[in-house]
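Understanding the architecture of this molecule
Read off the chains here:
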Amino acid sequence: MIHHVSIPARNPGHVAAVLAELMGGSCHPFSPLEGAFMAASGDEHGSMIEVYPEQAGLAIPQDDKQVCFTDNAAVPPAWPFHILLSVPLDETAVQRIGDREGWRTKTFGRGIPGRQPFFRVIEFWVENRLMIEVATPAMAAEYEGFLKNPSASAMDPEQVRRMQQSYRRAPAAA
């Protein structure tokens, strides 16, 4: 089980507040790092998303102490990271929040093109550059059902090739 993750944002306080809204939780400053915030779900697992200023980094310190924060010299336009976040909201409520923020929010099926999807997720693009796959309760059940009993076609080499090709496209202009 993953209890928390950290993500970068241009506006950490705002992003953490939106994520807390999605999770039905609350937003608080994240004391160890100035300008960082956390979206705490309030669930029984202590699920939380720490939202750092985009230039922040984590590093191994020169001494033998715990992790230290550092500044990244350059910030990438997009991040090679995502999470699947189960939320208590329905698809309409998630879409409404994404629309209000002006963030791309769209439902997609994951799987082999031209076939019944293995499961569905909502691509919720934080600040239109970091993807969080949001799952409503029904979508989370689809995901859990698939991962507990994956389809044999999910491992077929030809089907895997088709799936990989469907993801290789030029990104939209920034």
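What this report covers is the structure whose coordinates are included nearby.

What counts and how
- Residues numbered from 1 in each chain as written.
- Predicted model: local features only at pLDDT ≥ 70, side-chain atom pairs only at ≥ 80, totals over all residues.
- Heavy atoms only, no water.
- Helix = DSSP H or I, 4+ residues; strand = E, 2+ residues; numbered from the N terminus.
- Expected span 1.5 Å × (residues − 1).
- Buried < 20%, exposed > 50% of the residue type's maximum accessible area, 1.4 Å probe, protein only.
- Core = buried A, V, L, I, M, F, W, Y, C linked by side-chain atoms within 4.5 Å.
- Contact = heavy atoms within 4.5 Å.
- 1 Å grid on protein atoms, 1.4 Å probe; cavity = no way out; pocket = protein on both sides within 12 Å on 5 of 7 lines; lining within 4 Å.
- Points joined across faces, edges and corners; volume = space filled by probe spheres on them.
- Nonpolar A, V, L, I, M, F, W, Y, C, P; charged D, E, K, R; others polar.
- Pairing = 2+ DSSP bridges.
- Axes fitted to C-alpha atoms, helices over the stretch in contact; angles between N-to-C directions.

This part covers helix H1 (residues 12-23). In this model H1 runs 16 Å from its N-terminal to its C-terminal C-alpha over 12 residues, within 8% of the 16 Å that 1.5 Å per residue would give. Extensive coverage of H1 is indicated by the burial of 9 of its 12 residues. By the burial criterion, the buried members of H1 are Pro 12, Gly 13, Val 15, Ala 16, Val 18, Leu 19, Ala 20, Leu 22 and Met 23. Phi for Gly 24, located one or two positions after H1, is positive at around 70°.

Time to look at the nonpolar core. Membership of the largest hydrophobic core comes to 28 residues, with the highest contact counts inside it found for Leu 19, Ile 49, Phe 124 and Ile 132. Broken down by secondary-structure element, the contributors of at least two residues to this core are strand S1 (4-9), H1, strand S4 (48-53), strand S7 (83-86), helix H2 (91-101), strand S9 (119-126), strand S10 (130-135) and helix H3 (137-148). No other element matches H1, which puts 7 residues into this core. For Phe 124, the contacting residues outside a window of four places in its chain are Val 18, Leu 22, Val 94, Ile 97, Gly 98, Trp 103, Arg 104, Thr 105, Leu 130, Met 131, Ile 132 and Val 134.

Of the pockets and cavities examined, the second largest pocket occupies roughly 560 Å³. If you go around the second largest pocket, you meet 24 residues; those closest to its centre are Ile 2, Ser 47, Leu 84, Leu 85 and Ser 86. Residue composition of the lining of the second largest pocket, grouped by class: 15 nonpolar, 7 polar and 2 charged.

Here the focus is the sheet that holds S7. Within a sheet, neighbouring strands are paired by backbone hydrogen bonds and run either parallel or antiparallel to one another. Reading across from one edge, S7-S10-S9-S8 is the order of the 4 strands in this open sheet, with mixed pairing throughout. What marks the edges here is a single partner per strand, and that holds for S7 and strand S8 (105-110). Looking at each pair of strands side by side, their axes are set apart by 35° on average, direction ignored. Where S9 and S10 come together, 5 bridges link them in antiparallel fashion. Of the residues in S10, the one forming a bridge with Val 126 is Leu 130. Contacting S7, S9 and S10, H1 runs over the sheet at an angle of about 155° to S9. Against the sheet, H2 contacts S8, S9 and S10, and its axis sits at roughly 20° relative to S9.

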